[in-house]
Amino acid sequence: MVETIDAIIEEREELMVSPTGGNPTLRIAHFLKPSVTSTEGLPSPFLSAEPTISEIENLPMKVCFRGWQRPNERWKMWVASLHSKYQSIWKESGIYEAIMCSKYSICKHQDLILGLAEKWCPKTNTFIFSWGEATVTLEDMMALGGYSVLGNSVLSPLITKEMEEIHETLLEGYTTVAKTNKIAYVGLHAWLEHFMGSGSKFEHEAFLSYWLCKFVFPMPLYRIEKKIFPIAIHLARGRIALAPAVLSSIYTDLGLLKEKLVASTKLDTKEVLNLSAPFQLVQLWAWERFPALRPNPISITQCEPRPARWSKLKKVSIENVRLAIDSAGESFQWRPYAIAANHNWLFPKFYGEKEQWVSVDAALDKELVSFALCIRVCELLGLHCIQQYLPHRVAMQFGIDQDLPGPVARYNTSPDIVWSHYNRSIGDAKLYVPPRLFEADVTKGYFEWWKQSMSTQKDAIKNFVTRPRDSRRIPRVYYGKMENYNVFVPPSSSVESFKVDTVKETKLLGTFSEKRLVIDDKPLPVFLSQKTSHSTPDDGARKQDLLMKPEAKNIQGEGSMGEAEKNLADATVTEVGHPTNIGVHVKDNNEESSSICKTEIPGLELEARISRLERVVAELKAARAINKFEYKLAK
């Protein structure tokens, strides 16, 4: 039975368990609605068996990501020339960060996109991994695209005489450019050269039209589409909700790509598939969440958008993308935006240090309204498509506990009905906002349902090795001063042994209290050193600088140890002098020791180093998973 959707959040006492297993704990939990209490009639989250491609690298078809646009220097100059005059309008319209994001170039990692597309389920608009369910959400559109979830529909008509007059002017400009260049349609370059610096009264609307056609809703043949003009006119005067429209296009093209990947096994000739959605956002989504699949992010300033940390970075060489994704369950970062991108990173109001219950009324802050829309099921209205949005299936991405997902009725019979459903009022009297660093759990019923579903899908878990976390963990929330600590420890890492100078158990990101860092099933002892720094926070208390000191012993595994594994096992990181000084001592094959010491390592550089370590660990896990699987087959 389909549940009526009114309230967003439900609070109740439930038996909760870690997503990777352990002993259940009875506690008060929070869930996204709709949810169900029984698995009876609840379909398996896994897709039915379908033929798949044997090698992602050798597709029997060519995939062209037409929407993957990169900025040219002329565009950057146009942005700079209008920035001072129109930045206040851009901020009011909710597109300032989106325009700034368009100045950065993201290098394409096609194998990663295809590997993710294999896991896509068009029925739920989610990725179905063997270790859990995840998806690109409206929050990702805000954080990575800079798009707003608030505002009017992208299909909003022009409602004033002034708007109609501007529309006529833009149409006349379109005709002029076409005649001047003797072409049937107007290309992006010709449009830019005609309006940039022209002093035209409507240069701003022309600028926004270019930006929409190139970066937001990329058009075929890289041309200006006249149907975009009304959106540009609205954005020059008010707010349009671009986030749901962009996400709808991404869902649509992910579904098309998945369909073609399955069908490609039957193709005799190479087919060409053109995709117009901005797939760089899908790759950024993956880079933010899969440490082993990403390059090391670069440092950015406070005025730069989050995607700037990935600008022009080359892809990581991954021998087997499919296996890397399947073995990434323990390191998957459910809430990457809860971690600061720089030392002065400003978090939105729905990333508080403590949980909140906020009254829903006319005075509710826009950022909190945006969060409510991100966690509520709805229909997504695009320019040419309508897609269903089901965040209750991926509640852990919002720091909310996961329950059995209930069915959701469709409201997609017309664009007006779709928009009314998206824009309906919030049904909760109070809105629950989880702590920024809280790591959510799943209900015991959900865990058993997922485990049972997974056991019947041998193909989906063939190369996956389960690594349960220690069940003796304490609640995984850190309420201390974290503004200068930017290192992320995977939420599902298993950590067994930590020593702290002050003999206090550290609750950093809710994972250091867990007792063991495991490579495969062998422990890697890790120790923390906690010292008092000379800096003092606003409250006058003395700040604590935390340094992680992995003292890795020889790790015995099945089969021989590779060189990379030997180097990792022989490496120790120790503290030298001041807490911000790190000494690294590595023994070579001849047992000779060398030391490298760097002083005052910035937080982001330390994050990059830990990211590299995470990637090495993930590769070792994947290699061992293969060895174990082959060993079991041999037996």
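Residues numbered from 1 in each chain as written. Predicted model: local features only at pLDDT ≥ 70, side-chain atom pairs only at ≥ 80, totals over all residues. Heavy atoms only, no water.

- The name an unreviewed UniProt entry gives the protein chain is Aminotransferase-like plant mobile domain-containing protein, with Castanea mollissima as the organism.

1. Things to note about the overall build of the protein chain
Here comes step 1: Helix and strand content of the protein chain: 17 helices and 19 strands.
Here comes step 2: When each of the 635 residues of the protein chain is scored for burial, the buried share is 55%.
Here comes step 3: Considering only contacts within the protein chain whose residues lie at least 6 apart along the sequence, 73% involve residues at least 24 apart.
Here comes step 4: Working note: accessible area of the protein chain is about 28,100 Å², and carbon and sulfur atoms make up 52% of it. (Helix = DSSP H or I, 4+ residues; strand = E, 2+ residues; numbered from the N terminus. Buried < 20%, exposed > 50% of the residue type's maximum accessible area, 1.4 Å probe, protein only. Contact = heavy atoms within 4.5 Å. Areas by Shrake-Rupley, 256 points an atom, 1.4 Å probe, with all protein chains shown as cover.)

2. Focus on the pattern of salt bridges
Here comes step 1: Taken as a whole, this structure holds 21 salt bridges when the rule is applied.
Here comes step 2: Close ionic contact of Arg237 with Glu205 constitutes a salt bridge, the shortest N to O distance being 3.0 Å. One end of the pair, Arg237, is in the loop between α8 (229-235) and α9 (242-263); the other, Glu205, is in helix α7 (residues 203-216), with 32 residues separating them in the sequence.
Here comes step 3: Of the charged contacts, one joins Glu448 and Lys444 as a salt bridge, the two residues approaching to 2.6 Å between their closest N and O atoms. Highlighted residues: Glu448 and Lys444, both in helix α14 (residues 444-455), separated by four residues, approximately one helical turn. (Salt bridge = Lys/Arg side-chain N within 4 Å of Asp/Glu carboxyl O.)

3. Observations concerning helix α10 (residues 280-289)
Here comes step 1: Counting buried positions along α10 gives 10 out of 10 residues, so the element sits mostly inside the fold.
Here comes step 2: Within the span of α10, buried status applies to Gln280, Leu281, Val282, Gln283, Leu284, Trp285, Ala286, Trp287, Glu288 and Arg289.
Here comes step 3: Where α10 is buried, its residues contact α3 (110-118), β5 (126-129), β6 (132-134), α4 (138-145) and α9.

4. Some thoughts on the sheet that holds β5
Here comes step 1: Judged by pairing direction, the sheet is antiparallel, and its three strands sit side by side in the order β4-β5-β6 without closing on themselves. Pairing within the sheet leaves two strands with one partner each, and these edge strands are β4 (120-121) and β6.
Here comes step 2: Two elements, β4 and β5, share two bridges in a ladder whose sense is antiparallel. Among the inter-strand pairings, Cys121 is bridged to a residue of β5, identified as Thr126. (Pairing = 2+ DSSP bridges.)

5. Points about the sheet that holds strand β1 (residues 9-17)
Here comes step 1: Sheet architecture is open: three strands sit in the order β2-β1-β12, paired in antiparallel fashion. Single-partner strands in this sheet number two, and they are β2 (25-32) and β12 (442-443).
Here comes step 2: Both β1 and β2 contribute to a ladder of eight bridges, which runs antiparallel. Of the residues in β2, the one forming a bridge with Ile9 is Leu32.

6. Concerning unusual backbone geometry
Here comes step 1: Omega for the peptide link from Lys33 to Pro34 comes to 5°, which places this bond in the cis form.
Here comes step 2: Here Pro34 shows up in the loop between β2 and β3 (61-65).
Here comes step 3: With a phi close to 55°, Asn125 is a non-glycine residue in the positive phi region.
Here comes step 4: In this fold, Asn125 is placed in the loop between β4 and β5.
Here comes step 5: The class for Asn125 is buried, based on a relative accessible area of 5%.
Here comes step 6: Even without a glycine there, the phi angle at Lys182 is positive, about 55°.
Here comes step 7: With respect to the element layout, Lys182 can be found in the loop between α5 (161-180) and α6 (188-195).
Here comes step 8: For Lys182, a relative accessible area of 77% translates into the label exposed.

7. Concerning the packing of aromatic side chains
Here comes step 1: Enumeration according to the criterion identifies 33 aromatic pairs in this entry.
Here comes step 2: Taking the centre distance of 5.1 Å and the plane angle of 20° together, the rings of Trp75 and Tyr210 count as stacked. Within this pair, whereas Trp75 is found in helix α1 (residues 73-93), its partner Tyr210 is found in helix α7, the two being separated by 135 residues in sequence. Of the two residues examined, Trp75 and Tyr210, each falls in the buried class.
Here comes step 3: Relative to Trp310, the ring of Trp287 lies with its centre 5.6 Å away and its plane at 50°, an arrangement referred to as tilted. Here Trp287 is found in helix α10, whereas its partner Trp310 is found in the loop between α10 and α11 (321-326), with 23 residues between them in sequence. The pair Trp287 / Trp310 is uniform in exposure class, with both members buried.
Here comes step 4: Here the aromatic cluster, defined as three or more aromatic residues joined through ring pairs, consists of Trp120, Phe127, Phe129, Trp131, Tyr251, Trp285, Phe290, Phe332 and Trp334.
Here comes step 5: Positioned over the ring face of Tyr96 is Lys91, at 4.9 Å from the centre of the ring.
Here comes step 6: The ring of Phe347 has Arg436 lying over it, and the distance from NZ or CZ to the ring centre is 4.2 Å. (Phe/Tyr/Trp six-rings, centres within 6.5 Å; stacked < 30°, edge-to-face > 60°. Lys NZ or Arg CZ within 6 Å of the ring centre and 35° of its normal.)

8. Describing a negative patch on the surface
Here comes step 1: Together, Glu164, Glu165, Glu168 and Glu172 give the surface a local cluster of negative charge.
Here comes step 2: Mapped onto the elements of the fold, Glu168 is located in helix α5.
Here comes step 3: A relative accessible area of 44% means that Glu168 is categorised as partly exposed. (Patch = residues over 30% accessible without salt bridge, like charges linked within 9 Å, V, L, I, M, F, W, Y side chains within 5 Å. Lys, Arg positive; Asp, Glu negative; His and termini not counted. Charge placed at Lys NZ, Arg CZ, Asp CG, Glu CD.)

9. Quick notes on the side chain of Ser102
Here comes step 1: Inspection of the secondary structure puts Ser102 in the loop between α2 (96-101) and α3.
Here comes step 2: Of the polar contacts made by the side chain of Ser102, one reaches the backbone oxygen of Ile99; its length is 2.5 Å.
Here comes step 3: When near neighbours in sequence (up to four residues on either side) are disregarded, Ser102 contacts Pro71, Trp75, Trp211 and Phe215. (Polar contact = N/O pair within 3.5 Å; in protein donor to acceptor, adjacent residues only side chain to side chain.)

10. Some thoughts on the pairing of β1
Successive residues of a regular strand alternate their side chains across the two faces of the sheet.
Here comes step 1: Inspection of the sheet shows β1 paired to β12 by two bridges, in the antiparallel sense. Bridge assignment links Val17 to a residue of β12, and that residue is Val442.

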